[in-house]
Amino acid sequence: MADNPNTNEVPIPPADAERSSRSCRYCIVGCSYEVFKWPVGEEGGPDAADNALDVDYPAGYGDWPSPNMHQIIEENGQEYHVIFRPNPDAEVNNGSHSVRGGTQAQSLYSKHNEDYDDRLKQPQIRIGGSLTPVDWDTALEVVARVTEYATRDEPNGYGMKMYAYQFVENTFAGSKLIFDVIGSPNFGFHNRPAYTPESPGVEHSGLYDWSTSYEDAAKAETMVIAGGDPYENQDVYFHEYVDAGSADIIQINPRRTFTANYAENNDGLFLQINEATDPVLLNAIARHIVDQGWHDQAFVDEWVMDDRDAIDEEGWYQEEFGMTPDEYIDLLQSDDRYAPENAAEITGIDATDIRDAAERIAQPDSDQTQTLFTYEKGLIWGWSHENTAAMANLALLTGSVGHEGTGITRLGGHQEGWWEGGPGGEVIAEHSTQSFTGEHVEDVPIPPNTIERVRNGEIDHWHVIGNDPLRHEHDTQSLRNRVRERTSGSQPQTADVGDIMAAFRERIDDGGMVVTHQEIYPNSTTEYADIVLPAKAVEAGEDSNHHRWNGERRFRHYASFMQGPPNARPDWEIFADIGRRLGANDMDWESSDDLFDHLAAEHGDSYPYHIEALDEKAQQDGTTPTEVMRDLDADGVRLPARLEDGEIEGTPRLHTPDGEEMPGDGRFFTDSGKAIFMRVDWDRVADVYEQLTPDCEAGELWVTNGRLNRLWQNMYTHQRLEYISKRYEQNVLQLHPNDAAERDIEAGDLVEVINDDVYNQYSENEQGSFTAVAYVVDDEDAVQGQTVPEGLAFTYWLYPGQVANDIVPGYLDPANPNPGYKYATGRVRRLGESDQKDRMSFHPENVAPE
Amino acid sequence: MKNDDGSITRRRLLGAVGTAGATSVAGCGFQAPTAENSGPAESPSERVGRIERYPRIRVASVDELSVGDTVEFEYPLDGSGTFLTRLSEAANGGVGPGDGIVAFSNLCTHMGCAVSGNVESDRGVAGPCPCHYTTFDLAKGGLVIMGPATTDLPQVRLDVEDGDVFATGMAGLVHGRRNNLADGEPVEEEGE
Ligand code: SF4
Ligand code: FES
């Protein structure tokens, strides 16, 4: 009989238990949690008056702390109970939660948790081929000295790969280190190799990609969801806003997931698109809107730029891709591939459905549309310009922006917390070794693809923080081969800094590279690391207070409530220490609160997240910005923040007609305050599409990848958490039964996916492969249809040791080098029977209420 | 399905909320355990002194259960809704013909809505839950197939004696409870 861990009872916090507030450590929705902590041996009573939860037991709807919300931690010899309860009074989640957030107590630093032994607890340096514990001073002195050596001729020898989201204090200090102290342009985010926007087509059109309020999903009449699935990935947003509203959903996805069936069961539309053809569909919808005269001419006249010279002056990206309304409409109408009947052939979607979608989006009978456009990784990690620009164009064409129930927004992955601490743009303009030449611009410097610079030798010291690029990036099997070569030279033989540096200098002189990995758990990159720096898991409440925001720009205080591994350090502190060793004299913050107060006072206007008002409020009240944020508690403030009548006020949505929410700016993020249509031309990617398309004759399939509801990112916590990982003890490959039968594959078989020729735009194509358990659903059980169509397989994107990125093509947009992670192909073969045959549940995961 | 203003969704949600909050005040017949009926290791910990053991009650007769039949009953406390069903496949913890008879708590472990109206025994699942659509695999110990619940659906331990199915305990904490046997009155054992 399957059992749950720790299921027999959950203690009740006494009325005087310590309470703190923080948001979930995981997804973009940013649900609020209350943390209760009290000494083991004490317990509250079942009456509300006798417990800190204010709940009468047995607890009713939404009031119950489940067993997985409880854990015992130990600090200084004292054991404490900790309960993570979804905050019943928080605006975002009203006590709701997903399986991810609802189990986060199970990955606190506690000897009762399965991940305890795996946490990185002390600095290490690879000596004689093995990672060996050393003291902090030795480790950080080596990091500083090797950085100096790598940048002795030019700053580009240092490369940093860091998360974009892990709280403003950390990202500010880290980006200050690379852009201000070191001056290198070689920065890559955790999920892409360059300092690029994720939604270039949206951002360069003057729209912001987090511009709506969650309530807009509840108020919309039509909700377009492209390349994402909020039920699967943004659970509480789906439950509290999408499901609570009454919008007709238009779901665009190659797979029939839960939300696709939910859309169809609730009078919406499911457009099951052929992989990688979104720009054609979105342009076809736009063309039909224009052909029918359903577009919002008044909005376009007032708010979309029609002066070619002014568009060119906005910047090189706009000069290359920006269009006047006339040019845009001409592009749609002059290219017959965008006529619905022709688009149907490319996209696989009936012309009737294209017209139906156009009408639901444009709502020709309404003066003001109530259409909300949402998108996520299926668009972003594909043709990143075309896919995102086509969505932005539709929002502008129909004037669906800046009103309740309208707008365009990403659905999102992690929460957001990027705060630039140095002059990134200037450094890139001066030092980048990558440039772009297009139809209208020539040789403009662009953010460099750092993965290519790891491969080609430009980066000699690679500092990786809080991610695992040797599994997270594109074409990773080939990348690991290259990194193995570049780190296999001269090795330190003692822990003496002089000896270590002699070895690293020799390695670098021979074309090799030194890797520093700053992390909370070991992963694939740690296997190649020379220096390992153990970090505090501040996202889990360790060590210090921090701040970040969610998918509606809701900025909140995450109060620390526990210490974590005693000898680990928070990332901001590690950056500051390295910075000081490299000569910085302004990285001497005493605490994360001190850093945040400095940031709010001196750097409070990081586009478009104005927080200057926090400092004004602090000065007014004689407190600090940190205290202002702490007092805003679970609901925080939606940025930009402003001070009104002495109180902090937020901004529910951006791009409202009066533009008042943007201090000093107009309605859109352009110099003119107007938005810009973007060129979306299938010809720009059609050749690559042909090259990436699987060869059916050779038995190839599209092998796309994405999320599964209960698994978070690279599973850094979930791979170690029995309750979560038992659902998928190995990676899975969803296969249509006909594709499975053709290959003699049954549910539960172990299969291998091989790509013999992983596309690489810079170098030779190489082989890549991974294994997974075949997830094949019986047709009889697939009561609302098979999730994957014939010809397409789907796998979790980042299952440790069975990683789809090993076959992901190295195609990056030449203007904005983001990879098309979704567009992989491979042939699938049966290896044998896995141990999952009788253990894994192979029921459909897409059955929605009817 | 939703009304244009979404109101059905809310009503559906509220209507489906379970009864965990209805504390029983009946003062009947729970008696001290006998040695052979003492709870196995999985039963609630001795740390909570007032807990004794799970009651043993007859729930159904094997002969009267066809595949797809569902029987609702209360266990282990008055007001704790549970359901028993017969699957067409062998199940973890299943008893009877083909090990297909199983029983579970009726309360979804996400936020406590009732799932017994959404049992599909022929497919071996309970769900989607009417509130946030978690679906549980009844052949795999109440494992969450998909959805936001944070623990498996608590499974009732069954055994069969002389053609009758008895409930004897539970694996997993029931929604709303700090302990499956606290804050309520145990159901009455037969003959006691
Ligand atoms: S929906 Fe996201 S933020 Fe909310 S509990 Fe789940 S993982 Fe956390
Ligand atoms: S109560 Fe069942 S899924 Fe939420």
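Just above, that's the structure.
Let us look at the structure shown here. (Residues numbered from 1 in each chain as written. Chains lettered and ligands numbered in written order. Predicted model: local features only at pLDDT ≥ 70, side-chain atom pairs only at ≥ 80, totals over all residues. Heavy atoms only, no water.)

## Details of the overall build of chain A
1) Next: A tally of regular secondary structure across chain A gives 28 helices and 31 strands.
2) Next: Taken against the 2.2 N^0.38 rule, which gives 29 Å for 850 residues, the C-alpha radius of gyration of chain A at 26 Å falls within 12% of a compact globule.
3) Next: For chain A, the spread of C-alpha atoms along the principal axes amounts to about 70 × 70 × 65 Å.
4) Next: A total of 850 residues make up chain A; the buried ones form 69% of that total.
5) Next: The contacts in chain A between residues at least 6 apart in sequence include a share of 75% that link residues at least 24 apart.
6) Next: Total accessible area computed for chain A in this model is approximately 26200 Å², and 39% of it derives from carbon and sulfur atoms.
7) Next: Placing the 63 positive and 158 negative side-chain charges of chain A at their respective mean positions leaves the two points 5 Å apart. (Helix = DSSP H or I, 4+ residues; strand = E, 2+ residues; numbered from the N terminus. Rg over C-alpha atoms; globule rule 2.2 N^0.38 Å. Buried < 20%, exposed > 50% of the residue type's maximum accessible area, 1.4 Å probe, protein only. Contact = heavy atoms within 4.5 Å. Areas by Shrake-Rupley, 256 points an atom, 1.4 Å probe, with all protein chains shown as cover. Lys, Arg positive; Asp, Glu negative; His and termini not counted. Charge placed at Lys NZ, Arg CZ, Asp CG, Glu CD.)

## Regarding the packing of aromatic side chains
All names here are of chain A.
1) Next: Scanning all chains against the criterion turns up 51 aromatic pairs over all chains.
2) Next: Between Y328 and F677, the ring centres sit 4.3 Å apart and the planes meet at 20 degrees, which makes this aromatic pair stacked. Residue Y328 is found in helix α12 (residues 325-334), and its partner F677 is found in strand β25 (residues 677-678); the two are separated by 349 residues along the sequence. Here the two residues Y328 and F677 agree in accessibility, since each one is buried.
3) Next: Grouped by ring-pair contacts, the aromatic residues Y208, W419, W549, F555, F596, Y609 and F669 constitute a single cluster. (Phe/Tyr/Trp six-rings, centres within 6.5 Å; stacked < 30°, edge-to-face > 60°.)

## Considerations on the sheet that holds strand β10 (residues 248-253) of chain A
Residues and elements named next belong to chain A.
1) Next: Judged by pairing direction, the sheet is parallel, and its five strands sit side by side in the order β11-β10-β9-β13-β14 without closing on themselves. Here the strands that pair on one side only, and so sit at the sheet edges, are β11 (269-272) and β14 (407-410). Within the sheet, the average angular offset between the axes of one strand and its neighbour, ignoring direction, is 15 degrees.
2) Next: Pairing of strand β13 (residues 371-375) with β14, which is carried by four bridges, proceeds in the parallel orientation. Counterpart to T374 in the pairing with β14 is T409.
3) Next: In this fold helix α14 (residues 351-362) packs onto β9 (222-226), β10, β11 and β13, with an angle of close to 130 degrees to the strand it touches most, β11. (Pairing = 2+ DSSP bridges. Axes fitted to C-alpha atoms, helices over the stretch in contact; angles between N-to-C directions.)

## So, the pattern of salt bridges
1) Next: Tallied over the full model, the rule gives 73 salt bridges over all chains.
2) Next: Ionic pairing is found between A:D621 and A:K617, a salt bridge with its closest N-O pair at 2.9 Å. You can see A:D621 and its partner A:K617 sitting in helix α24 (residues 612-621), four residues apart, about one turn around the helix.
3) Next: In this structure, A:D781 and B:R123 form a salt bridge, with 2.6 Å as the shortest nitrogen-oxygen distance. Of this pair, A:D781 sits in the loop between β29 (766-775) and β30 (792-796) while B:R123 sits in the loop between β5 (119-120) and β6 (125-126), which puts the two residues in different chains. Here the two residues A:D781 and B:R123 agree in accessibility, since each one is buried.
4) Next: Each of A:D137, A:E141, A:R145, A:E148, A:R569, A:E573, A:D577 and A:R581 takes part in salt bridges that share partners, so that together they form one network. (Salt bridge = Lys/Arg side-chain N within 4 Å of Asp/Glu carboxyl O.)

## Some points on the site of ligand 1
1) Next: In the vicinity of ligand 1, the residues found are A:C24, A:Y26, A:C27, A:G30, A:C31, A:Y33, A:S98, A:R100, A:G101 and A:V236.
2) Next: In terms of residue class, the shell around ligand 1 is made up of six nonpolar, three polar and one charged. (Near = heavy atom within 4 Å. Nonpolar A, V, L, I, M, F, W, Y, C, P; charged D, E, K, R; others polar.)

## Re helix α2 (residues 168-182) of chain A
Residue and element names in this part refer to chain A.
1) Next: In this model, α2 (15 residues) spans 20 Å end to end at C-alpha, consistent with the 21 Å of a helix rising 1.5 Å per residue.
2) Next: Taking the largest bend as the criterion, α2 deviates by roughly 35 degrees, centred on K176.
3) Next: Most of α2 is tucked away: 13 of the 15 residues are buried.
4) Next: In the segment just after α2, G183 is the residue with positive phi, at about 80 degrees. (Expected span 1.5 Å × (residues − 1). Bend = angle between axes of the 7 residues up to and from the residue.)

## Quick notes on the side chain of A:S524
Residue and element names in this part refer to chain A.
1) Next: Counting through the fold element by element, S524 comes out in the loop between β18 (514-519) and β19 (531-534).
2) Next: Assessed through its relative accessible area of 11%, S524 is described here as buried.
3) Next: What S524 contacts, discounting residues up to four positions off in sequence, is D468, L470 and R471.

## Concerning the pairing of strand β4 (residues 78-86) of chain A
Residues and elements named next belong to chain A.
1) Next: Here seven bridges tie strand β2 (residues 32-39) to β4, and the two strands are oriented antiparallel to one another. Within the sheet, the bridge partner assigned to V35 lies in β4 and is F84.
2) Next: Judged from the six bridges that link them, strand β3 (residues 70-75) and β4 form a sheet pairing that is antiparallel. Bridge pairing in β4 places E75 opposite Q78.

## Remarks on the sheet that holds β4(A)
Residues and elements named next belong to chain A.
1) Next: Strand order in the open sheet made by the four strands is β1-β2-β4-β3, with antiparallel pairing throughout. The sheet is open, and its two borders are formed by β1 (18-23) and β3, each paired with just one other strand. The sheet shows a mean angle of 30 degrees between the axes of neighbouring strands, taken without regard to direction.

## Some remarks on the packing of α24(A) against helix α25 (residues 625-632) of chain A
Residues and elements named next belong to chain A.
1) Next: It is at 8 Å that the axes of α24 and α25 come closest, and there the two elements cross at 100 degrees. Comparing the axis directions of α24 and α25 gives the class roughly perpendicular. In this structure, α24 contributes L614, D615, K617 and A618 to the contact, and α25 contributes P625, V628 and M629.
2) Next: Residues belonging to the contact of α24 with α25 are distributed by class as follows: five nonpolar, no polar and two charged. (Parallel < 35°, antiparallel > 145°, perpendicular 65-115°, else oblique.)

## A closer look at unusual backbone geometry
Residues and elements named next belong to chain A.
1) Next: Here Y57 and P58 are connected by a cis peptide whose omega angle stands at 0 degrees.
2) Next: By the secondary structure assignment, P58 is in the loop between β2 and β3.
3) Next: Here the bond from L639 into P640 is cis, since omega is 0 degrees, no more than 30 degrees from zero.
4) Next: The phi angle at F167 is positive, at roughly 85 degrees, despite the residue not being glycine.
5) Next: Its location among the elements puts F167 in the loop between β7 (158-162) and α2.
6) Next: Judged by relative accessible area, which is 0%, F167 ranks as buried.

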